[in-house]
Structure formats: C-alpha cells, structure tokens
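Architecture and fold: a report
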Amino acid sequence: MNRAGPGPLTAVSLLLLLLLAGLLLWPLLSGGPPPSPYLIAGLLFARLGVQVWRAQRDERLKRPSSWAIDLLLIALLLWVASNQ
C-alpha cells in the first residue's frame, strides 16, 4: 500500500502555520518581545493566498467561512498595529 503524502501546497500551508506558531510561542517561552503584528498579518495573508489557491485546484477545499475568519484576524491585527 503506497500512500501519497501531502501535496506541495498543503506542505506550504502547514509550514506557514508552524512558522506562525513558533513566532507566537517564542516570546512566551523566552520572555522576549512579541513579533511585529505586520509580520503576523503578512504570514496569515500568505496562508490565505495558499488556501485560496488550493481551493481552486480542489472543490472540496472551498471554505469561505474559514477565509472570512482569516481576513477578520488580519484586519484586527492591522488595526491593533496601527493604534500602537
């Protein structure tokens, strides 16, 4: 039984999520300064782009509500960053 692994776009999406998790956890573990909200928003925006691109290739991956939540998080991060 030869099972195929995740596709390249899935791997990129997972890599972006792991990078986000690392950036958000590192200040909690090390006591250092938090990452820039613009960096976090940029990575979330890149992940959103990958998710939309994946959905264009596979109809089962269309999740507009998930995209809306990502856009809401990005907007909140940019709003917080602009008020600092």
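Residues numbered from 1 in each chain as written. Predicted model: local features only at pLDDT ≥ 70, side-chain atom pairs only at ≥ 80, totals over all residues. Heavy atoms only, no water.

Let us now look at the overall build of the protein. What the protein contains, in helices and strands, is three helices and zero strands. Starting at the N terminus and ending at the C terminus, the protein contains elements arranged as α-α-α. Its C-alpha radius of gyration of 15 Å places the protein more than 25% over the 12 Å reference for a compact globule of 84 residues. In terms of overall dimensions, the protein has C-alpha extents of about 50 × 30 × 15 Å along its principal axes. Within the protein, buried positions represent 25% of all 84 residues. Within the protein, counting contacts between residues at least 6 apart in sequence, those at least 24 apart form 58% of the total. Carbon and sulfur atoms make up 70% of the accessible area of the protein, which amounts to about 6,300 Å² in all. (Helix = DSSP H or I, 4+ residues; strand = E, 2+ residues; numbered from the N terminus. Rg over C-alpha atoms; globule rule 2.2 N^0.38 Å. Buried < 20%, exposed > 50% of the residue type's maximum accessible area, 1.4 Å probe, protein only. Contact = heavy atoms within 4.5 Å. Areas by Shrake-Rupley, 256 points an atom, 1.4 Å probe, with all protein chains shown as cover.)

Here we come to helix 3 (residues 64-82). Taking 1.5 Å per residue as the helical rise, helix 3 with its 19 residues ought to reach 27 Å, and the 27 Å between its terminal C-alpha atoms agrees with that figure. For helix 3, the elements touching its buried residues are helix 2 (37-57). (Expected span 1.5 Å × (residues − 1).)

This part is about the UniProt feature "transmembrane region" (unreviewed entry) in the protein. In this structure's numbering, the residues bearing the UniProt feature "transmembrane region" (unreviewed entry) are residues 65-82. The span residues 65-82 shows a helical share of 100% and a strand share of 0%, and its end C-alpha atoms are spaced 26 Å apart. (UniProt positions renumbered as here; feature names shortened; annotations may be inferred.)

A few words on the packing of helix 1 (residues 8-30) against helix 2. The relative placement of two packed helices comes down to the angle between their axes together with the axis-to-axis distance. Contact geometry of helix 1 with helix 2 gives a least axis separation of 10 Å together with a crossing angle of 160°. The angle between helix 1 and helix 2 places the two elements in the roughly antiparallel class. Here helix 1 and helix 2 pass one another in a crossing that is left-handed. The residues of helix 2 that touch helix 1, namely those facing Leu-9, Thr-10, Val-12, Ser-13, Leu-16, Leu-17, Leu-19, Leu-20, Leu-23 and Leu-24, are Leu-39, Ile-40, Leu-43, Leu-44, Ala-46, Arg-47, Val-50, Gln-51, Trp-53, Arg-54 and Arg-57. Across the contact of helix 1 with helix 2, the residue classes break down as 15 nonpolar, three polar and three charged. (Axes fitted to C-alpha atoms, helices over the stretch in contact; angles between N-to-C directions. Parallel < 35°, antiparallel > 145°, perpendicular 65-115°, else oblique. Left-handed = near helix turned anticlockwise from the far one by under 90°. Nonpolar A, V, L, I, M, F, W, Y, C, P; charged D, E, K, R; others polar.)

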